[in-house]
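Here are the chains, one letter per residue:
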Amino acid sequence: LVDGMRVSADTAAHWHAFPVWWDKTNLPAGMNMVRNSMVRQAMHRRWWYNNPDCVVLRHFSTDPKAQTEAQGRVSVTALTGGLFFLSDDLVTLRSNVQMLALARTLTPPLLRGRTS
């Protein structure tokens, strides 16, 4: 019996995996993380706590879909109820208000407003 299990491909700041003829479903990509996490959702809290991989909010493109893709990765992490790890540098992320707001939606509400 294990406490937590990685249930997805590595996530990445890009949505689609780089094309490789021998593997299209397990390479680092946001889409692969989302698909694999949703397929294994039935195992959460039955066999282990799902770990859908860390949340990546940074993006390196000017593509307008980057915000929507980040929202998709955050939504899957929230909906699956699994473990949550944020991989971005918060100091760097601080300059992107939209992405920082996404990160705040996943932080436990009990820690908000904590003074000690």
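Residues numbered from 1 in each chain as written. Predicted model: local features only at pLDDT ≥ 70, side-chain atom pairs only at ≥ 80, totals over all residues. Heavy atoms only, no water.

## Points about unusual backbone geometry
Inference 1: Even without being glycine, R45 reaches a positive phi, approximately 65°.
Inference 2: The topology assignment puts R45 in the loop between helix 1 (30–39) and strand 2 (49–51). (Helix = DSSP H or I, 4+ residues; strand = E, 2+ residues; numbered from the N terminus.)

## Brief notes about the nonpolar core
Inference 1: Counting residues in each nonpolar core, the largest one holds 10 residues, listed as V55, L57, A70, V74, L93, M99, L100, L102, A103 and L106.
Inference 2: Contributions of two or more residues to this core are made by helix 2 (65–80) and helix 4 (97–106).
Inference 3: For this core, the element with the highest residue contribution is helix 4, accounting for five residues.
Inference 4: The residues contacting L102, other than those within four sequence positions of it, are L57, Q67, A70, Q71 and V74. (Core = buried A, V, L, I, M, F, W, Y, C linked by side-chain atoms within 4.5 Å. Buried < 20%, exposed > 50% of the residue type's maximum accessible area, 1.4 Å probe, protein only. Contact = heavy atoms within 4.5 Å.)

## So, the environment of R45
Inference 1: Judged by its relative accessible area of 61%, R45 is exposed.
Inference 2: Through-space distance from the C-alpha of R45 to that of G81 is 9.4 Å; in sequence the pair is 36 residues apart.

## Focus: the environment of N96
Inference 1: In this structure, N96 sits in the loop between helix 3 (90–93) and helix 4.
Inference 2: Of the residues examined, N96 reaches a relative accessible area of 25% and is grouped as partly exposed.
Inference 3: Sequence-wise, N96 and R58 are 38 residues apart; in three dimensions their C-alpha atoms are separated by 8.9 Å.

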